[in-house]
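A look at the structure
The lines below spell out each chain.
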Amino acid sequence: MLEMLKPYIKEIDTPLDVNLEIPHLAYIEAKKKNPKILLFKNPVENGKKYDIPVLMNIFANEEVLEVIFGKNLDLIAKEIEELIKMKPPKTLPEKLKAFGKLFAIKNTIPKTIKNAPCQYHIYEGEAAKLSNLPILKTWERDGGKFITMGQVYTKSLDGNIRNVGMYRLQVYDDKRLGLHWQIHKDSAHLFWEYKKANKLMPVSIAIGGDPLYTWCATAPMPPGIFEVMLYGFIRGKNPKLTKCITNELEVPADADIVIEGYCNPQEMEIEGMFGDHTGYYTLKKPFPFMHVEAITTKKNPIYYATVVGKPPLEDKYMGYATERIFLPLLKTTAPDLIDYAMPENGVFHNLILAKIAPRYPGHSLQIMHSLWGVGQMSFVKHAIFVDEKAPPLRDYESLTRYILNNFEPKNILVSKGIVDELDHSSIEELVGGKLGVDATSSEKSDDFSPNVLKDKELLKKLKSVEPLIEDVKQYFTDTKNPICVIKFDKKKSAKDIFESIKKFKEHLRIVVFINTDEIDNPYMLVWRVTNNIDALRDVWIDEVIGIDGSNKNELDGFNREWPPDVDTTKEVIEKLKNLGLIEGISEEEMKKYQII
Ligand SMILES: Cc1cc2nc3c(=O)[nH]c(=O)nc-3n(C[C@H](O)[C@H](O)[C@H](O)COP(=O)(O)O)c2cc1C
């Protein structure tokens, strides 16, 4: 596979440190217009040289995705849809076609092979040391080094269910690796079986090999279905697995590196902080960990890693593949769903845009509820529904205009449900507000149109009642529902400010409050605001709609700890600049993405 990806790989010969330097360069690369895969040939750490190179950004861009998946993503979705909708064949051509489809299912069954390439070198006992691997520390405030692209293989206590999930793994020492499977995830469910039975749980981590295995580990397959079967379906050939040396688990035979061991479910260790894909750090919290018993590798292994942080990053492309391939599966619970998009600056679970063919009043509400109840879709905090007349979902500018012209306060639904364990803004951990907006076009009962003022004039008026307001910028003033973003000095809550500016309601419609620096940066504004709101606390629906996208504290009755932003380390950026390694990205883009 790496051979096929060669045209997209950029090799870096300059020795760079596994602490911050390598991840910072990959972070910048992922934000370029056409990012490349980076192969760091000389990873070092305080003068120590690692023998194993580091590969980052393997899911670099859409073209690379097509090489990795072997075909167009929509074609894969179509094949899945055909399989789901397959009817008993009647004619001979239909029978032959059906046979072909069933044959594809046969490919999903994993085969077990011996003498696997991933066991060329075998290190057991004292020789199996995590410090021999070039594991990265991505962010300055991270609690240590983390494996970020590990496929974590587990099985149920009775051995009937196999699972692979991608969870970050914190290195505590040479022999202990944190297992950050969040509470809602499949491995966490399996873990509970072992905990109740007080039995040791075997765990194996595979790194590298065919990157399609890595993507499968992130795929939100229903519980009980082994994600590796999806690999077989997409590749059109049976996955080849091999049995681990020290436990009963099986891992892809072509993995570059395999870490084998077990987890004692009665032991926990503090995990984090870690600069996460929300662009905020996830705070310290106890998680289970594994004891390392063996490390095996290919003859010449490569260590795969990724960087998560503020968008856009490599997970944009991994998430895009998931979005496309899972559309037919979503349609099984929401048949009138035409399409959906999860923009990366809504960090996937913070914002979903869905296009439906509504047939009756409340149709979009019905689909909203069904999405909020299905697997990992239930993490979605904000869902906006449009109908088939809307522009393409990824034409964000035209789509927003359409939404704002079809939006009515009465069509906002605020509900409560589970939220991603990473969500930092919900009133209580794991449970929070859900916001649904039905912007399908319909007979409008509300013909409000605000008297829009120039930003400067509006700022002056607002400041006259609220001196804590620092800046104002209005967006989409040509629509029925313009958005007014207000930056304020958080000496008061946004709610208090909202109450006093409501007197200017003829000039206002949707007011968004922030206390950070994204007022002129719509891309990062969406990122910040969708991250920071819990609709139950932060959305006020009246003649004017208020949305509090500011960082929360005790002024808001927020009693949890608010995490810091994930930001680069200035000295590291300077060093990379001085080495001439930062190119192909303008100062303006560096500022837009908050790299500098
Ligand atoms: C780069 C990246 C890092 C991830 N890290 C974690 C993590 O640390 N913990 C977690 O529970 N999920 C993490 N995920 C999401 C899971 O991989 C995803 O939810 C997957 O479907 C879980 O598999 P499971 O349903 O078999 O548990 C990550 C995803 C990506 C793309």
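Scoring rules and cut-offs
- Residues numbered from 1 in each chain as written.
- Predicted model: local features only at pLDDT ≥ 70, side-chain atom pairs only at ≥ 80, totals over all residues.
- Heavy atoms only, no water.
- Helix = DSSP H or I, 4+ residues; strand = E, 2+ residues; numbered from the N terminus.
- Rg over C-alpha atoms; globule rule 2.2 N^0.38 Å.
- Contact = heavy atoms within 4.5 Å.
- Areas by Shrake-Rupley, 256 points an atom, 1.4 Å probe, with all protein chains shown as cover.
- Lys, Arg positive; Asp, Glu negative; His and termini not counted.
- Charge placed at Lys NZ, Arg CZ, Asp CG, Glu CD.
- Disulfide = S-S within 2.5 Å.
- Buried < 20%, exposed > 50% of the residue type's maximum accessible area, 1.4 Å probe, protein only.
- Domains from an automatic or database assignment.
- Buried area = accessible area lost by both parts, 1.4 Å probe.
- Salt bridge = Lys/Arg side-chain N within 4 Å of Asp/Glu carboxyl O.
- Polar contact = N/O pair within 3.5 Å; in protein donor to acceptor, adjacent residues only side chain to side chain.
- Patch = residues over 30% accessible without salt bridge, like charges linked within 9 Å, V, L, I, M, F, W, Y side chains within 5 Å.
- Core = buried A, V, L, I, M, F, W, Y, C linked by side-chain atoms within 4.5 Å.
- Near = heavy atom within 4 Å.
- Nonpolar A, V, L, I, M, F, W, Y, C, P; charged D, E, K, R; others polar.
- Phe/Tyr/Trp six-rings, centres within 6.5 Å; stacked < 30°, edge-to-face > 60°.

1. A closer look at the overall build of the protein
Looking only at helices and strands, one finds 18 helices and 33 strands in the protein. For 596 residues, the compact-globule estimate of 2.2 N^0.38 gives 25 Å, and the protein sits close to it at 25 Å. If one aligns the C-alpha atoms of the protein with their principal axes, the spans along those axes are about 75 × 70 × 50 Å. Sequence separation of at least 24 residues holds for 72% of the intrachain contacts in the protein that already meet a minimum separation of 6. Summing over all exposed atoms, the protein offers an accessible surface of approximately 24700 Å²; the carbon and sulfur share of this is 54%. Positive and negative side-chain charges of the protein, numbering 80 and 86 respectively, have mean locations separated by a distance of 3 Å.

2. Comments concerning the state of the cysteines
Summed over all chains, the structure comprises zero disulfides. Cys263 carries a free sulfur, and the closest cysteine sulfur to it, the one in Cys244, is 15 Å from it. Residue Cys263 is classed as buried on the basis of its relative accessible area, which comes to 0%.

3. Regarding the domain arrangement of the protein
Assigned domains within the protein: domain 1 (2–305) and domain 2 (333–438). Domain 1 and domain 2 are separated by 29 Å when their C-alpha centres are compared. Each side of the interface is counted separately: domain 1 has 13 residues, and domain 2 has 13 residues. Here domain 1 meets domain 2 over a buried area of about 1200 Å², counting both sides, of which 63% is carbon and sulfur. Among the residues of domain 1 in contact with domain 2, His184, His277 and Thr278 are the three that bury the most area, contributing 42% of the side total. Scanning the region where domain 1 abuts domain 2 turns up two salt bridges. One salt bridge in this structure joins Glu429 and Lys285, with 2.6 Å as the shortest N-O distance. Linking domain 1 to domain 2 there are four residue pairs in polar contact (both at pLDDT 80 or more).

4. Brief notes about a positive patch on the surface
A cluster of basic side chains, namely Lys106, Lys111, Lys237 and Lys240, defines a positive patch on the protein surface. Take Lys240: it is sitting in strand β15 (residues 240–243).

5. Examining the pattern of salt bridges
Once their charged atoms are close, side chains differing in charge can pair, the charge on each being opposite to the other. Applying the stated criterion across every chain yields a total of 50 salt bridges. Lys310 is paired through a salt bridge with Asp565; the nearest N and O atoms lie 2.9 Å apart. Here Asp565 lies in the loop between β33 (545–548) and α17 (570–578) and Lys310 lies in the loop between β23 (303–305) and α9 (315–325), a separation of 255 residues in the sequence. Asp538 serves as the salt-bridge partner of Lys552, at 3.5 Å between the closest nitrogen and oxygen. Note that Lys552 is positioned in the loop between β33 and α17 and Asp538 in helix α16 (residues 535–538), a separation of 14 residues in sequence. Just as Lys552 is buried, Asp538 falls in that class too. It is possible to trace a salt-bridge network through shared partners that takes in Asp74, Glu323, Arg324, Asp339 and Arg394.

6. Considerations on helix α3 (residues 62–69)
When we look at burial in α3, the residues that qualify are Val64, Leu65, Val67, Ile68 and Phe69. Considering only its buried residues, α3 is in contact with α1 (2–5), β3 (37–40), α4 (73–84), α7 (211–218), α8 (228–235) and α9. Note on α3: the residue one or two positions beyond its end, Gly70, has a positive phi of about 80 degrees.

7. Some thoughts on helix α12 (residues 396–406)
Those residues of α12 that sit buried are Leu399, Tyr402, Ile403, Leu404 and Asn406. For α12, the secondary structure elements touched by its buried residues are β25 (352–356), β26 (382–387), β28 (431–438), β30 (483–488) and β31 (510–514).

8. Here's the deal with the environment of Lys491
Following the sequence through the fold, Lys491 ends up in the loop between β30 and α14 (494–501). Under the relative-accessibility criterion, Lys491 is labelled exposed at 60%. Each C-alpha atom of the pair Lys491 and Leu413 lies 30 Å from the other, and the pair is 78 residues apart in sequence. Not counting residues up to four positions away in its chain, the partners in contact with Lys491 are Leu468 and Leu555.

9. Here we look at the nonpolar core
Within the largest apolar cluster, 137 residues are counted, with the highest numbers of intra-cluster contacts made by Phe69, Trp215 and Ile259. Sort the elements by how many residues they give to this core and helix α2 (residues 21–30) lands first, with six residues. When residues are assigned to domains, this core turns out to be shared by domain 1 (2–305) and domain 2 (333–438), each giving three or more. With sequence-adjacent residues up to four places away left out, Trp215 is seen in contact with Phe59, Phe69, Leu230, Ile234, Met318, Ala321, Thr322, Ile325 and Phe326. One finds Ala390, Leu435, Ile514 and Val539 within the second-largest nonpolar core, a separate group that totals 31 residues.

10. Regarding the site of the ligand
Taken together, 20 residues lie near the ligand, and Met166, Tyr167, Arg168, His180 and Gln376 sit nearest. Residue Arg168 places a main-chain N or O atom 2.9 Å away from an oxygen atom belonging to the ligand. A distance of 2.7 Å separates a nitrogen atom of the ligand from a polar atom in the backbone of His180. Contact with the protein chains covers 89% of the free accessible surface of the ligand, which is 630 Å². Elements represented by at least two residues in the shell around the ligand include exactly β11 (162–166), α6 (186–197) and α7. In terms of residue count, the dominant contributor to the shell around the ligand is β11 (four residues). Per-class residue counts for the shell around the ligand are eight nonpolar, eight polar and four charged.

11. Some words on the environment of Glu428
Counting through the fold element by element, Glu428 comes out in the loop between β27 (412–418) and β28. Owing to a relative accessible area of 41%, Glu428 belongs among the partly exposed residues under this scheme. Along the primary structure Glu428 and Asp534 are separated by 106 residues, whereas in three dimensions their C-alpha atoms are 9.9 Å apart. Other than its neighbours up to four places away in sequence, Glu428 contacts Lys416 and Arg560.

12. Side note on the packing of aromatic side chains
Taken as a whole and assessed by the stated rule, the structure comprises 17 aromatic pairs. Taking the centre distance of 6.4 Å and the plane angle of 85 degrees together, the rings of Tyr153 and Phe226 count as edge-to-face. Here Phe226 lies in the loop between α7 and α8 and Tyr153 lies in strand β10 (residues 151–155), a separation of 73 residues in the sequence. Considered together, Tyr153 and Phe226 belong to a single accessibility category, that of buried residues. Taking 6.2 Å as the distance between ring centres and 90 degrees as the angle between the ring planes, the aromatic pair formed by Phe498 and Phe513 counts as edge-to-face. Placement of the pair is Phe498 in helix α14 and Phe513 in strand β31, with a sequence separation of 15 residues.

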